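Next come the chains, spelled out residue by residue.
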Amino acid sequence: MNIPSELKYTKDHEWVKIDGDIATVGITDFAQSELGDIVYVEVETLDETLDKEEVFGTVEAVKTVSDLFLPLSGEIVEFNESLEDEPEKVNSDPYGDGWMIKIKMSEASEADDLMSAEDYKALIGA
């Protein structure tokens, strides 16, 4: 199980990479493996400002559809449009080409509430 130590994590299996006031968000390797083959990623909240833990989109796999929860409050400033044609990038490279959105954080202190890689490993029993 790939759990990069430089990222932060949520109980809902999203990962977060913070660079200044921009946070890049995707789902973890664990989440994509649990979902199976991802066939569609939907984010209709581009340019919207949402609160932490609000639903920002959905990910559809062959057997199920799962909501995606915002790990930090802020404005969704970018969607990884390559996922429209190649949603399988989430399976093959969840921490790289499979990223989903970028958020301009409105409350940077919320990042302190995210889990470390060690905490996330404990959550999933890795």
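Residues numbered from 1 in each chain as written. Predicted model: local features only at pLDDT ≥ 70, side-chain atom pairs only at ≥ 80, totals over all residues. Heavy atoms only, no water.

A. Here's a closer look at the nonpolar core. One finds Ile27, Val41, Phe56, Met100 and Ile101 to be the most contacted residues of the largest nonpolar core, which totals 26 residues. Those elements that provide at least two residues to this core are β3 (22-27), α1 (29-35), β4 (38-42), β6 (55-61), β8 (74-79) and β9 (101-105). Once you skip the residues sitting within four places of it in the chain, methionine 100 turns out to touch Val25, Gly26, Ile27, Val41, Val59, Leu68, Glu78, Phe79, Asn80, Leu83 and Val90. Residues Ile3, Tyr9, Phe30 and Ile124 belong to the second largest nonpolar core, which totals 11 residues. (Core = buried A, V, L, I, M, F, W, Y, C linked by side-chain atoms within 4.5 Å. Buried < 20%, exposed > 50% of the residue type's maximum accessible area, 1.4 Å probe, protein only. Helix = DSSP H or I, 4+ residues; strand = E, 2+ residues; numbered from the N terminus. Contact = heavy atoms within 4.5 Å.)

B. Looking closely at the sheet that holds strand β2 (residues 14-19). In spatial order, the strands read β1-β2-β3-β9-β8-β5; together these six strands make up an open sheet with antiparallel pairing. The open sheet has two edge strands with one neighbour each: β1 (8-9) and β5 (49-50). Bridging between β5 and β8 involves two bridges; their strand directions are antiparallel. Bridge assignment links threonine 49 to a residue of β8, and that residue is glutamate 75. (Pairing = 2+ DSSP bridges.)

C. Representation of helix α4 (residues 117-124). Three or more residues of α4 are buried, namely Ala117, Tyr120 and Ile124. Buried positions in α4, seen along its axis, are confined to an arc of 60° and lie on one side of it. Of the exposed residues in α4, the ones pointing more than 90 degrees away from its buried face are Glu118 and Ala122. Contact partners of the buried residues in α4: β1 and α1. Looking one or two places after α4, you find glycine 125, whose phi comes out positive at around 70°. (Arc of directions from axis to C-beta.)

D. Here's a closer look at the side chain of glutamine 32. Structurally, the position occupied by glutamine 32 is in helix α1. The residues contacting glutamine 32, other than those within four sequence positions of it, are Ile27, Ile38, Val90, Asn91 and Pro94.

E. Focus on the pattern of salt bridges. Overall, the coordinates contain five salt bridges when judged by the stated rule. Between lysine 52 and aspartate 113 there is a salt bridge whose closest N-O contact spans 3.4 Å. Of the two residues, lysine 52 sits in the loop between β5 and β6 while aspartate 113 sits in the loop between β9 and α4, which places them 61 residues apart along the sequence. Relative accessible area serves as the criterion here: at 57%, aspartate 113 is assigned to the exposed category. (Salt bridge = Lys/Arg side-chain N within 4 Å of Asp/Glu carboxyl O.)

F. Main features of the pairing of β6. Burial analysis of β6 places five of its seven residues in the buried class, the great majority of the element. As paired strands, β4 and β6 are joined by four bridges and run antiparallel to one another. Bridge pairing in β6 links tyrosine 40 to glutamate 60.

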